[in-house]
Number of protein chains: 2
Amino acid sequence: MPRLLLFVEYDGTDFAGFQSQENGRTVQDELNKAVSKLYKEDIKVTGCSRTDAGVHAKCHLSHLDVPFVIPEDKIPLAVNQFLPGDVKVREAIYVRDGFSARFDITGKKYIYRIYNARTPSPLNDRYSYFCPYELDVDAMKEASEHFEGEHDFRAFCAAGGSQKTYTRLIHKVSVTRTNENHIEIEVSGQAFLYNMVRIIAGTLLAVGDGSILPSEIPEIIIKGERKLAGKTLPAKGLTLEEVYFDRALAAADSSPKT
Amino acid sequence: MPRLLLFVEYDGTDFAGFQSQENGRTVQDELNKAVSKLYKEDIKVTGCSRTDAGVHAKCHLSHLDVPFVIPEDKIPLAVNQFLPGDVKVREAIYVRDGFSARFDITGKKYIYRIYNARTPSPLNDRYSYFCPYELDVDAMKEASEHFEGEHDFRAFCAAGGSQKTYTRLIHKVSVTRTNENHIEIEVSGQAFLYNMVRIIAGTLLAVGDGSILPSEIPEIIIKGERKLAGKTLPAKGLTLEEVYFDRALAAADSSPKT
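Reading the values: rules and limits
Residues numbered from 1 in each chain as written. Chains lettered and ligands numbered in written order. Predicted model: local features only at pLDDT ≥ 70, side-chain atom pairs only at ≥ 80, totals over all residues. Heavy atoms only, no water. Least-squares fit on C-alpha atoms with pLDDT ≥ 70 in both. 1 Å grid on protein atoms, 1.4 Å probe; cavity = no way out; pocket = protein on both sides within 12 Å on 5 of 7 lines; lining within 4 Å. Points joined across faces, edges and corners; volume = space filled by probe spheres on them. Nonpolar A, V, L, I, M, F, W, Y, C, P; charged D, E, K, R; others polar. Phe/Tyr/Trp six-rings, centres within 6.5 Å; stacked < 30°, edge-to-face > 60°. Buried < 20%, exposed > 50% of the residue type's maximum accessible area, 1.4 Å probe, protein only. Helix = DSSP H or I, 4+ residues; strand = E, 2+ residues; numbered from the N terminus. Pairing = 2+ DSSP bridges. Patch = residues over 30% accessible without salt bridge, like charges linked within 9 Å, V, L, I, M, F, W, Y side chains within 5 Å. Areas by Shrake-Rupley, 256 points an atom, 1.4 Å probe, with all protein chains shown as cover. Salt bridge = Lys/Arg side-chain N within 4 Å of Asp/Glu carboxyl O. Lys, Arg positive; Asp, Glu negative; His and termini not counted. Charge placed at Lys NZ, Arg CZ, Asp CG, Glu CD. Arc of directions from axis to C-beta. Contact = heavy atoms within 4.5 Å. Polar contact = N/O pair within 3.5 Å; in protein donor to acceptor, adjacent residues only side chain to side chain. Buried area = accessible area lost by both parts, 1.4 Å probe.

A. How the structure looks around the relation of the copies chain B and chain A. Each copy of the sequence occupies a distinct position, and chain B is placed on chain A by a rotation of 180 degrees and an axial shift of 0.0 Å, giving an RMSD of 0.0 Å. What we have between these two chains is a two-fold relation. Of the C-alpha atoms belonging to chain B, the one lying closest to the rotation axis is found on B:Arg126, 5.0 Å away.

B. Structural view of empty space enclosed by the protein. All names here are of chain B. For the structure shown, the criterion picks out 1 cavity of 30 Å³ or more. In this structure, the largest cavity occupies an estimated 40 Å³ of space. Forming the boundary of the largest cavity are Tyr-115, Pro-120, Ser-121, Asn-124, Asp-125, Ser-128 and Phe-130. Broken down by class, the residue content of the lining of the largest cavity amounts to 3 nonpolar, 3 polar and 1 charged.

C. The arrangement of the packing of aromatic side chains in detail. For the structure shown, the criterion picks out 14 aromatic pairs over all chains. Grouped by ring-pair contacts, the aromatic residues A:Phe7, A:Phe99 and A:Phe245 constitute a single cluster.

D. Focus on the pairing of strand 9 (residues 182-189) of chain B. Residue and element names in this part refer to chain B. Taking burial as the measure, the 8 residues of strand 9 include 6 buried ones, the bulk of the element. Pairing analysis gives 8 bridges linking strand 5 (residues 107-116) to strand 9, with the strands arranged antiparallel. Its bridge partner being in strand 9, Ile-114 is matched across the sheet by Ile-183. Note: strand 8 (residues 167-179) against strand 9, 8 bridges, orientation antiparallel. What sits directly across from Arg-177, in strand 9, is Ile-183. Two successive antiparallel strands, strand 8 and strand 9, enclose a turn made up of 2 residues.

E. Fine view of a negative patch on the surface. Taken together, the side chains of A:Glu134, A:Asp136, A:Asp138, A:Glu142, A:Glu145 and A:Glu148 define an acidic patch exposed on the protein surface. The exposure class of A:Glu142 is partly exposed, given its relative accessible area of 46%.

F. Broad picture of helix 3 (residues 137-144) of chain A. Residues and elements named next belong to chain A. Turning to helix 3, its buried residues number three or more, namely Val-137, Ala-139, Met-140, Ala-143 and Ser-144. Angular distribution of buried residues about the axis of helix 3 spans 155 degrees; they occupy a single face of the element. Those residues of helix 3 that are buried are in contact with strand 5 (107-116), strand 8 (167-179), strand 9 (182-189), helix 4 (196-208) and helix 5 (217-223). Its side-chain oxygen 3.2 Å from the backbone nitrogen of Asp-138, Asp-136 forms the N-cap of helix 3.

G. Quick look at the environment of A:Ala92. Residue and element names in this part refer to chain A. As for its placement among the helices and strands, Ala-92 is situated in strand 4 (residues 87-95). Residue classification places Ala-92 among the buried positions, given a relative accessible area of 6%. For the pair Ala-92 and Asp-246, spaced 154 residues apart in the sequence, the C-alpha separation amounts to 15 Å. Sequence-distant contacts of Ala-92, that is, excluding residues within four places in its chain, are made with Leu-4, Leu-5, Leu-6, Phe-7, Glu-72, Ile-75 and Pro-76.

H. Summary view of the interface of chain B and chain A. Listed by partner, the interface residues are 27 residues for chain B and 27 residues for chain A. A buried area of about 1900 Å², summed over both sides, lies between chain B and chain A, and 55% of it is on carbon and sulfur atoms. Of all residues in chain B, B:Arg90, B:Pro122 and B:Leu123 bury the most surface against chain A, accounting for 37% of the area lost on that side. Applying the counting rule to chain B against chain A returns 0 salt bridges. Connecting chain B to chain A are 12 residue pairs in polar contact (both at pLDDT 80 or more). If you list the elements that add at least two residues to the side of chain B that touches chain A, you get strand 1 (3-10), strand 3 (56-65), helix 2 (75-80) and strand 4 (87-95) of chain B. At 4 residues, the largest contribution of residues to the side of chain B that touches chain A is made by strand 4 of chain B. Of the residues in the side of chain B that touches chain A, the class split is 11 nonpolar, 7 polar and 9 charged.

I. The pattern of salt bridges, seen in detail. Enumeration according to the criterion identifies 34 salt bridges over all chains in this entry. Between A:Glu219 and A:Lys223 there is a salt bridge, with the nearest N and O atoms lying 3.3 Å from each other. Here A:Glu219 pairs with A:Lys223, and both are found in helix 5, just 4 residues apart, close to one helical turn. Judged by its relative accessible area of 44%, A:Glu219 falls in the partly exposed class. Linking B:Glu30 and B:Arg25 is a salt bridge whose minimum nitrogen-to-oxygen distance equals 3.3 Å. You can call B:Glu30 buried: its relative accessible area is 10%. Note on B:Arg25: relative accessible area 31%, which makes it partly exposed. Via salt bridges that share partners, A:Arg25, A:Glu30, A:Lys33 and A:Asp86 belong to a single interconnected network.

Structure, rendered in structure tokens:
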């Protein structure tokens, strides 16, 4: 059976996260329903990552095996007719048998958005966290560098994860004031612990308001105590922006698209 | 009584427009309720314009008379505690007695946003209109110039308005591809007919897809037939961005803020 990789965008506001669960509307369930209707058989997709309730994705990957070939460029339109407005397939490609959206991705990029102004903005409320006080972005930039590299991130992990190790490789953490009222915290890495990006964002916010010094970050990482890091910022500010994988390695051996 | 001018931002998605009406949730009702709670008496605000159901506002003006003075910079926080998340006061200033948000404004700027890509984007769905086919932005730019100036715009007015004249002065109409997938149509003018900006946007979209030529716009204006213009685009793509007035003329005579 041909294997498809879907690039999916969703507004997480009304979802209880990506992964199927007993209660709550999930992105995975919507995708399963849509592809099952299109291919007229029961199909389940496998996602590149769970995302928490309320987290958005500009690009989330899922793979699935399909019973017949529809040309790649026709797939988004074909699947989207069965999807609601808050989740849509943006692109689809055939990949080699065995390629996994879960195990063959090499990294992910998240952006945490802060709306920083004296008064809240209804037009920015859906995709950012509102912070009404002034933030020292230079201090946040300085602090962000300490997160880069391979570290034991247990201080930046919510209870309830099932990981074997707390060590993760973080490629990049940056803080940018993109315009007067918007601050973006970018976090890219190979893999992440439960709530890790939202706790890093909360810690950088604490640096911005002066309650944590940039020079204290290495010590917080080494001590490994959750209570020393900042708070977990709300899900709505977080967007999964990109998922990395090797397109050449993922390419289908034969070419089912023709 | 001191007169206040409120600068209000709202997400129009869940509103039946600005103006109070018998059925439906309106921005004006939310503002009336909030200021009445704050000042502990029945107060009604007067807005600079009705906006249609679903239209957003980055900056909408309302004036009201208040029974006592709260310092200007404390007013947004004070009113906002009684407002829901989709409407907030961004700024407040005291104005002279008799200054009217409705009659003393000199112009308004609207932006109509088009999301132009092969596939729809859930993260852009709330504030833009999705157009899946390629648009000739140069042709749209050329067409936009014909709207500028004083014209009889009856071809660009929905039935149901109560205006005495269809003549309006339009200061600027421009079309900009702000990035790969986003097109912004800016329309600034002294005043507008019912649905006028959404019909101008629909006409420019028809120019973009080749069904109307830029050179045909003057003729459509002169003939004055609604059916010759483009369709009325959906409200969700439209945002009232700025409202113009003379700050010096509006200034309070005495200074109730001190």
